[in-house]
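Residue-level listing of the chains:
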Amino acid sequence: VVLLDLALSREGRAFATELLTPLREETGDLEDAAKTYIEDGGNLTQASRDLNVHRNTMLYKLDRASKAIAQDLRDPETQFSLWLAMKLDLLAETADNADRAVDAG
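What counts, and where the lines are drawn
Residues numbered from 1 in each chain as written. Predicted model: local features only at pLDDT ≥ 70, side-chain atom pairs only at ≥ 80, totals over all residues. Heavy atoms only, no water. Helix = DSSP H or I, 4+ residues; strand = E, 2+ residues; numbered from the N terminus. Core = buried A, V, L, I, M, F, W, Y, C linked by side-chain atoms within 4.5 Å. Buried < 20%, exposed > 50% of the residue type's maximum accessible area, 1.4 Å probe, protein only. Contact = heavy atoms within 4.5 Å.

*Asks:* Talk me through unusual backbone geometry; I want residue IDs and the actual numbers.
*Replies:* Phi is positive for N52, which is not a glycine, with a value near 60 degrees. Locating N52 in the fold gives a position in the loop between α4 (44-51) and α5 (55-69). For A70, which is not glycine, the phi dihedral falls at a positive 55 degrees. Mapped onto the secondary structure, A70 falls in the loop between α5 and α6 (76-104).

Next up, the structure:
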């Protein structure tokens, strides 16, 4: 409930937008690369396998993602911040879709 309240708040949406927009504006699926890397616990080899890309390609994408958000994705605090932004964004989107479905039906 607390995370949902944060996701729907102006501050929560701003936090998620601030971190995710630079990744979404870049070409090359940087958001997906960062998400997979974080979900794999920072394991570069596993993330590259999950995305079916060469390890060097994954390194390149993570370097570009780090530059886009002006933070080092190897840093655990950055990983947590980005993970939280992704979860808040997903919660807000899900809640918005549920509200629209209830209003329509």
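*Asks:* Before we move on, can you summarise the nonpolar core with the specific residues and values?
*Replies:* Judged by nonpolar contacts, the single largest core of 19 residues is most densely connected at L23, M58, L73 and L82. Mapped onto this core, the elements with two or more residues apiece are α2 (10-25), α3 (30-39), α4, α5 and α6. Ranked by residue count, the leading element in this core is α3, at five residues. For L23, the residues in contact, after removing those within four places along its chain, are L30, E31, A34, A65, A68, I69 and L82.

*Asks:* Explain α3 to me, and be specific about the residues and the numbers.
*Replies:* Within α3, burial applies to L30, A33, A34, T36, Y37 and I38. Buried residues along α3 sit against α2, α4, α5 and α6. Within two residues after α3, G41 carries a phi angle of roughly 65 degrees, on the positive side.

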